[in-house]
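The lines below spell out each chain.
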Amino acid sequence: MFAKLEVYPAELLELVSEANEAAKAIPPLFPLSANVAVNPFLGQSGEPLAVTAARLERTAGTRIMPERGHWAKQVKANEITETDLSDALVAAATRFNAPSLQDIKDALDSETPKPEALPTVAELAADVSGIDWPGLIEDRIGAWAASHFDQGQALWQQANTGGTFHSWREFASRDLTPEIQGLSGFCAFVAGTNRSHWRAMGRASERLGVDTHAAKTAFHRWLMTLGGWAQYGRYFLWQADLDGQQDSTVTELLAIRMVFDEALFDLYKDQIAIRWDEVIEAHKAPVTPTKDLVIDAVLQDASERAQQRVLAQTLLGGNPREAQARPELQAAFCIDVRSEVFRRALEVQDAKIETIGFAGFFGLASAHKAAGSDVTEMRGPVLLQAGVTSCAAEHKADDLSRRYTARAKRAWGRFKLAAVSSFAFVEASGPLYAGKLVRDSLGLNAASKTDPAPALDPSIDLETRVGMAKTVLSAMSLTKEFAPVVLLAGHGADVTNNPHESALQCGACGGYAGDVNARLLAGLLNDRDVQNGLRDHGIDIPSDTVFLPALHHTTTDRITLYEQDLPSGKKTHALTQVKSWLESAGNLARAERTKRLPRANGAATLLHRARDWAETRPEWGLAGCRAFVAAPRTRTDGADLSGQAFLHNYDWHRDDEFKVLELIMTAPVVVASWISLQYFGSTVAPDLFGGGNKLLHNVVGGIGVLEGNNGAPRPGLPWQSVHDGTGYQHDPLRLSVIIEAPHEAMTDILARHSGVRELFDNGWLHLIAMDEEGKLAWRYSGDLKWERFTGSDSAPSAIAAE
């Protein structure tokens, strides 16, 4: 028997299309186990900031740019000059009816009113009834969703067959809470909806008067009321797109939310119908920024141009060291801004130390299984599919020991939390936990056992391994003059009692630490057969060179060396000196970072903060990030970038056909933009895109955190990750991407990659070309055109792409 193909009427098909578009208008929320930074404006990359601001005012009632007082202070301090304002006005004039310079100056003395979203039916019903219907809907959807999406936190889990909408129908048709609150007959109403979420959505749309014109922002508005639940559904859609599959979780959640409003409309129609008609008409109107929003966007651009001038001066003011014939140590770190501080501290230890910046997954996006585990960890950028598989294999007895220990720990945890045994546990064992609390407070817990060296899938043949090694070394611009010791340092954060721990790990490694990737690459490059194969490609690795994997602990600025991974006979006497350099560099880096952290009384306190279960700010993560520089290290060597720049080594003279440049612009740059824009969104719109207050967090389903005990997960970064209690630690600036390469080559790459081009064309990223003297020379102005980067001059000369 063949399944019957369901046919939808044309009107419903148009609504389905709008619903699918609305699903992609919201950002994904990755689960806590791999909580990578996400661009909250991912769905708006095809439009400029001012238009997105207008859209989110309508659909979320949120301002997404700083208050004008933020810019007024910068103008008063002459950090933003009149030239910056004029240049930003010229750029805005290509899209909007730009205000005058005097309009901008006058606007600095006033604040715009707080925006209000177009109301939902639930909000209109609340106005006339005095019943908090939006709160009730959030509560009941949250109660169901916490169980439905649970990832193993709950001891008792509901059956999830039939999909999201089916699961909710089963729950809601038996949930009497809405009826007790006054929504009579709601259980029967839900039971009477069509089993197809598309048809249920179509009926609700018809009842509520939502046509395809209104649906464009009305659907978006309903999804925004679902908060983190809708964004978690978007995560499933993101993963499905990567796998070439489909997922309807977001649109099923949309249908659920619309059913609530459909029922409320039936109950309160006589009282709210006129106002609801007005809302529908407002949703039909094009999304157009007001003059105030255009002014705010100009001020935002001007502040970024001002910081680009400062960056240009900082880069030219550096004091590069003299190049050495052969360095004693080459240390490759992730491009993460936290590495910039340590790299500077390491380089001052000796003139024969050279550091390298490269994406933290070290070119090996791996589907990895840790020792004693069958769980596959995606250790690579979430933008990419895993290219290889790997595992940390060990002797069978050791593997079984790890598994038994893990199972015992899980069983003990369930015993402590079970409905009956939890009470007896607290009574009998509570006093025994006094010692554990003391150990936790003092950070005296034993360190976890290190996994054995990870290994690539043995089925990968030698030719493929040589090709992988060549690709990575070429992308690092490291194809000659190898040092005796080449350190490959991934990074990770040591924190405790922190649900957002994975957000402090390596974003390029899928929210995991970068040790596995560093160890995989070191194993590959230390392989004698691979080295012999590389010689055929013109890459000659000296026989005395060793590739030493390591892990940079960003919270403590300590370095773990995986010496045990080195091949037998490859131990080197130079490691004693390397360890001394790393220890001294760590002391300098800690001293620098201590100045920013609240209550950090001396560098030694950083070591304790990582182990303190009550510490809400163990480190600042990537707060303050504002620039991405892809150039030879000589361009940034000696320049104090204050841990605010992603630094990627790149020498375009070694880049045949600009393949590496294309890789940088389409992968690391995009990952960095997600990080930058997440910090931007969590700072300017904390109620919408921020993670809330850590002190009120409760983990839900292993997915995210609630601020309180019910509702929707909070996406984004917690308040304590961007604010020190007195002021923000992140200046909301869109990322400035600086690349030393011919701008014509970058134009060709943008022309081939429309998604990346959108980010630059619409101003979500700035692109500036550096010349061979280290000066910022060309500014990308959109539409594949460039203009001279003029610094303090106010008359840019436009040129077309060649």
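Residues numbered from 1 in each chain as written. Predicted model: local features only at pLDDT ≥ 70, side-chain atom pairs only at ≥ 80, totals over all residues. Heavy atoms only, no water.

Draft legend 1. Summary view of the sheet that holds strand 2 (residues 353–358). Strand order across the open sheet formed by five strands is 2-1-7-8-9, with mixed pairing between neighbours. Strand pairing shows two members of the sheet lacking a second neighbour, strand 2 and strand 9 (558–561), which therefore form its edges. Ignoring strand direction, the axes of neighbouring strands in this sheet form an average angle of 30°. With five bridges joining them, strand 1 (residues 329–334) and strand 7 (residues 485–492) adopt parallel strand pairing. Bridge pairing in strand 7 places phenylalanine 333 opposite alanine 489. Strand contacts of helix 21 (residues 515–526): strand 7 and strand 8 (546–553), with the helix running at about 175° to strand 8, the strand carrying the most contacts. (Pairing = 2+ DSSP bridges. Helix = DSSP H or I, 4+ residues; strand = E, 2+ residues; numbered from the N terminus. Axes fitted to C-alpha atoms, helices over the stretch in contact; angles between N-to-C directions. Contact = heavy atoms within 4.5 Å.)

Draft legend 2. Expanded view of the pairing of strand 12 (residues 697–700). Relative to strand 13 (residues 704–707), strand 12 is paired through four bridges, and the arrangement is antiparallel. Bridge pairing in strand 13 links valine 699 to valine 705. Taken together, strand 12 and the strand that follows it, strand 13, pair antiparallel across an intervening segment of three residues, in which glycine 701 is found at a positive phi of about 65°.

Draft legend 3. How the structure looks around helix 22 (residues 528–535). Here helix 22 has its buried residues at Val530, Gln531, Gly533 and Leu534. Taken around the axis of helix 22, the buried residues stretch over an arc of 160°, which confines them to a single face. Close packing links the buried residues of helix 22 with helix 20 (462–475), helix 21 and strand 8. With a side-chain oxygen lying 2.8 Å from the backbone nitrogen of aspartate 529, the N-terminal cap of helix 22 falls on aspartate 527. (Buried < 20%, exposed > 50% of the residue type's maximum accessible area, 1.4 Å probe, protein only. Arc of directions from axis to C-beta. Polar contact = N/O pair within 3.5 Å; in protein donor to acceptor, adjacent residues only side chain to side chain.)

Draft legend 4. Broad picture of the packing of aromatic side chains. Counting across every chain of the model gives 25 aromatic pairs. Summarising the aromatic geometry, the rings of phenylalanine 760 and tyrosine 780 are spaced 6.5 Å apart at their centres and angled 80° between planes, so their arrangement reads as edge-to-face. With phenylalanine 760 in helix 29 (residues 754–761) and tyrosine 780 in strand 16 (residues 776–782), this residue pair connects regions lying 20 residues apart in the sequence. Among the residues examined, tyrosine 780 registers a relative accessible area of 7% and is labelled buried. (Phe/Tyr/Trp six-rings, centres within 6.5 Å; stacked < 30°, edge-to-face > 60°.)

Draft legend 5. Fine view of the packing of helix 6 (residues 121–129) against helix 14 (residues 249–284). It is the contact of helix 6 with helix 14, at a shortest axis distance of 8 Å, that shows an interaxial angle of 50°. Classified by the angle between their axes, helix 6 and helix 14 sit oblique to one another. The two elements helix 6 and helix 14 cross, and the hand of that crossing is left-handed. Contacts between helix 6 and helix 14 involve Val121, Ala122, Leu124, Ala125, Asp127, Val128 and Ser129 on the former and, on the latter, Arg257, Asp261, Leu264, Phe265, Tyr268, Gln271, Ile272, Arg275 and Trp276. (Parallel < 35°, antiparallel > 145°, perpendicular 65-115°, else oblique. Left-handed = near helix turned anticlockwise from the far one by under 90°.)

Draft legend 6. Structural detail: the pairing of strand 7. Burial runs high along strand 7: eight of the eight residues are buried. The alternating pattern of strand 7 places Val485, Leu487, Ala489 and His491 and Val486, Leu488, Gly490 and Gly492 on opposite faces, both of which are buried. Here eight bridges tie strand 7 to strand 8, and the two strands are oriented parallel to one another. Opposite leucine 488, over in strand 8, you have proline 549 as the bridge partner.

Draft legend 7. Seen up close, the sheet that holds strand 5 (residues 388–391). Read across the sheet, four strands follow the order 4-3-5-6 without closing on themselves; strand pairing throughout is mixed. Each end of this open sheet is capped by a strand with a single partner; those strands are strand 4 (376–379) and strand 6 (455–456).

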